[in-house]
Amino acid sequence: MIKIKLFGVREDEKDIAKDWAKENHVDVTFSEDILTLETVEQLKGFDAVSTQQTGRLDDRIYGRLHELGIKQIAQRSAGIDMYNLDKASENDIIISNVPSYSPNSIAEYTVTSALQLIRKTHLIEQNVNKRDFRWQKEIMTKEIKSLEIAIIGTGQIGQITAQIFNAFGAKVVGYDLYPNEDVRHYIDYKESIEEVVTNADIVSIHMPATKDNYHLFDESLFNRFKDDAVFINTARGSIVDTKALINALDSDKISGAALDTYENESTYIPKDFRSTDIQDPILIELLSRNDVIFTPHIAFYTSTAVKNLVEGGLDAALSVITTGSCDTRVN
Ligand code: NAD
């Protein structure tokens, strides 16, 4: 029987994987560990591996997988920035991802974050918790309908986010390296990233992390924002210079940020730090601020998305074993 090992597995994935294993007559084994130079040794006797890495994979793992006779790594997420694709190819390792598991989950969460920031629900909640029920200027808010929303990266998630904001009656402007002609009737494309942020009340990013967009959102780009704008990042932390973002908040250039991703998140997410001190001063600062809503890379986390991720990873792993490749190969 084919044997697949699932690394980085959570409780909520297990039943889905067990059902898949039964249906496909495959032996699926679980490990809560992520794939490291030490844990790779657990793969002796297995045919394939699926994992959900968040941090960079050690380059030496590809060679060791090759020696163990494993031909692939099936990542159970869309992001592939944790892999060295050239090193993987040199060692005949096929890397696959699950490119589209539920763009709605992330788009809906993005809009939820925007509503929280604009309608100041976190501040209202804090007041109510203190039994302060007054209507005050600090918690008076704007209508989404009256706002301009900048969507940067108009792929699957960006497009759905734009559609939802459109349904509110808001004006949606967009920027993408490759604008999509089919969405021009509801996204007003601008020529540059500087232009798209200029008049936007909400700036929301939906592009992948690449070597070209590291810290793209830096001091000079935040300075181009409209005063009082809010910034939403449900894409990738490395796109944003977090210190520059904090400075933009401190100087009241922008009025709030919702961050579902953070450039140094891999040490902390998704882990339990209730009894352990956080050592990262920038993360401590983000968590302590009233004008930042920080969440643990959770925009994707719906039952639909988790099912598609588990099944997508296992399908890819099985396809490489039985056919030598898979539709979701990225190298
Ligand atoms: P996609 O590939 O469908 O769309 C990405 C778009 O970004 C493309 O149209 C591309 O041309 C554009 N783009 C790339 N670089 C750009 C740049 N420098 N400037 C402007 N546009 C650029 O991807 P998607 O499925 O819509 O996902 C978007 C991102 O959302 C992912 O890459 C991932 O980082 C993030 N994501 C986050 C979560 C979460 O839980 N927070 C979950 C899934 C995906």
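Nothing here was measured: the structure is a model prediction, and the numbers come from that model. Position numbers for residues count from 1 along each chain, tracking the sequence in the order it is written. Local features in a predicted model are, by the rule used here, given only for residues with pLDDT of at least 70; side-chain atom pairs are given and counted only at 80 or more, and totals for whole chains, interfaces and linings are based on all residues. Excluding hydrogens and water, the side-chain figures rest on all heavy atoms present in the structure.

**Q** What should I look at first to understand the domain arrangement of the chain in this one?
**A** When the parts of a complex come together, some accessible area is lost, and that lost area is often used as the size of the interface. Those domain boundaries reflect an automatic or database domain assignment. Considered domain by domain, the chain is made up of domain 1 (3–101 + 303–323) and domain 2 (103–294). Once you take the C-alpha centre of each, domain 1 and domain 2 turn out to be 31 Å apart. Tallying the contact residues gives eight residues for domain 1 and seven residues for domain 2. With both chains or domains summed, domain 1 and domain 2 bury close to 560 Å², and 49% of this area falls on carbon and sulfur atoms. Whenever a carboxyl oxygen of Asp or Glu lies within 4 Å of a side-chain nitrogen of Lys or Arg, that contact is scored as a salt bridge. At the junction of domain 1 with domain 2, the criterion picks out one salt bridge. For the salt bridge of R236 with D81, the shortest nitrogen-to-oxygen distance reads 3.6 Å. Partitioning the side of domain 1 that touches domain 2 into residue classes produces three nonpolar, four polar and one charged. Whether two residues are in contact is decided by their heavy atoms: any pair within 4.5 Å suffices. Defined here as a combined quantity, buried area equals the accessible surface (1.4 Å probe) lost by two parts on assembly, summed across both. Three residue categories are used. Nonpolar comprises Ala, Val, Leu, Ile, Met, Phe, Trp, Tyr, Cys and Pro, charged comprises Asp, Glu, Lys and Arg, and polar comprises the others, including Gly.

**Q** Is there a simple way to think about the packing of aromatic side chains in this case?
**A** We describe a pair of aromatic rings using the distance from one ring centre to the other and the angle between the two ring planes. Stacked, tilted and edge-to-face are the three classes assigned to paired rings of Phe, Tyr and Trp, where Trp is represented by its six-membered ring and a pair needs centres within 6.5 Å; plane angles under 30 degrees give stacked, over 60 edge-to-face, the rest tilted. Here the structure, examined in full by the defined rule, presents ten aromatic pairs. Their ring planes at 85° and their centres at 6.4 Å tell us that Y101 and F300 sit as a pair that is edge-to-face. In this pair, Y101 sits in the loop between β5 (94–96) and α4 (103–119) while F300 sits in the loop between β12 (292–294) and α11 (303–323), placing the two residues 199 residues apart along the sequence. Each member of the pair, Y101 together with F300, is buried. Here the aromatic rings of F222 and F231 are separated by 5.4 Å at their centres, their planes lie at 90°, and the arrangement is edge-to-face. As far as burial versus exposure is concerned, F222 and F231 are alike and both buried. The numbering of helices and of strands both runs from the N terminus, where a helix is a DSSP run of H or I of at least 4 residues and a strand a run of E of at least 2. Buried residues are those whose accessible area, probed at 1.4 Å on protein chains only, stays under 20% of the maximum for their type, while exposed residues exceed 50% and partly exposed ones sit between those limits.

**Q** Teacher, can you tell me more about the pattern of salt bridges here?
**A** Summed over the entire model, instances satisfying the criterion amount to 21 salt bridges. Linking R134 and D132 is a salt bridge whose minimum nitrogen-to-oxygen distance equals 3.0 Å. A salt bridge links R184 to E181; the shortest N-O distance between them is 2.8 Å. For R184, a relative accessible area of 40% translates into the label partly exposed.

**Q** Is there a simple way to explain the pairing of strand β1 (residues 3–6) in this structure?
**A** Along a regular strand, successive side chains alternate from one face of the sheet to the other. A pair of strands counts as paired when DSSP detects no fewer than two bridges linking them. Relative to strand β2 (residues 27–30), β1 is paired through four bridges, and the arrangement is parallel. Within β2, the position partnered with K3 by the bridge is D27. When the strands point away from the viewer, a crossover counts as right-handed if the path from the first strand over the helix to the second runs clockwise. Regarding the hand of the β-α-β motif, the stretch spanning β1, helix α1 (residues 11–24) and β2 is right-handed. Note that β1 and strand β3 (residues 48–51) share three bridges and pair parallel. Following the sheet pairing, I4 is matched in β3 by A48.

**Q** Hey, could you run me through the site of the ligand in this one?
**A** Around the ligand, the structure places 21 residues, and the nearest of them are Y101, Q156, I157, D176 and T234. The term polar contact refers here to a pair of N or O atoms within 3.5 Å; inside protein, the definition further demands a hydrogen-donor-capable atom paired with an acceptor-capable atom, and it admits residues adjacent in sequence only when both atoms are side-chain atoms. The contact in question runs from a nitrogen atom of the ligand to an N or O atom on the side chain of D260, over 3.0 Å. At 3.1 Å, a backbone N or O of F300 approaches an oxygen atom of the ligand. Of the residues that constitute the shell around the ligand, the class distribution is eleven nonpolar, seven polar and three charged. Residues are counted as near a molecule or strand when any one of their heavy atoms sits within 4 Å of it.

**Q** How should I be thinking about the side chain of D291 in this particular structure?
**A** Relative to the helices and strands, D291 resides in the loop between α10 (281–288) and β12. Other than its neighbours up to four places away in sequence, D291 contacts L117, L249, S255, G256 and A257.

**Q** Any chance you could explain the sheet that holds strand β9 (residues 202–205) here in plain terms?
**A** The strand order across the open sheet built from seven strands is β8-β7-β6-β9-β10-β11-β12, with neighbouring strands paired in parallel fashion. Each edge of the open sheet carries a strand with a single partner, namely β8 (188–189) and β12. When strand β7 (residues 171–175) meets β8, the two strands line up parallel, connected through two bridges. By the bridge assignment for β8, V173 is matched with D188.

**Q** Honestly, the sheet that holds β5 in this entry has me stumped. Any pointers?
**A** In any sheet, the strands associate via hydrogen bonds between backbone groups, in a parallel or an antiparallel arrangement. Read across the open sheet, the five strands follow the order β2-β1-β3-β4-β5; overall the sheet is parallel. Either end of the sheet is taken by a strand with one partner, and the two such strands are β2 and β5. On average, adjacent strands in this sheet sit at an angle of 20° to one another, irrespective of strand direction. Pairing geometry for β3 and strand β4 (residues 72–75), over two bridges, is parallel. Across the sheet, S50 pairs through a bridge with A74, a residue of β4. Lying on the sheet, α1 is in contact with β1 and β2; it crosses β2 at an angle near 160°. Here the axes come from fitting lines to C-alpha atoms, over the contacting stretch only for helices, and the angles between their N-to-C directions go from 0 to 180 degrees.

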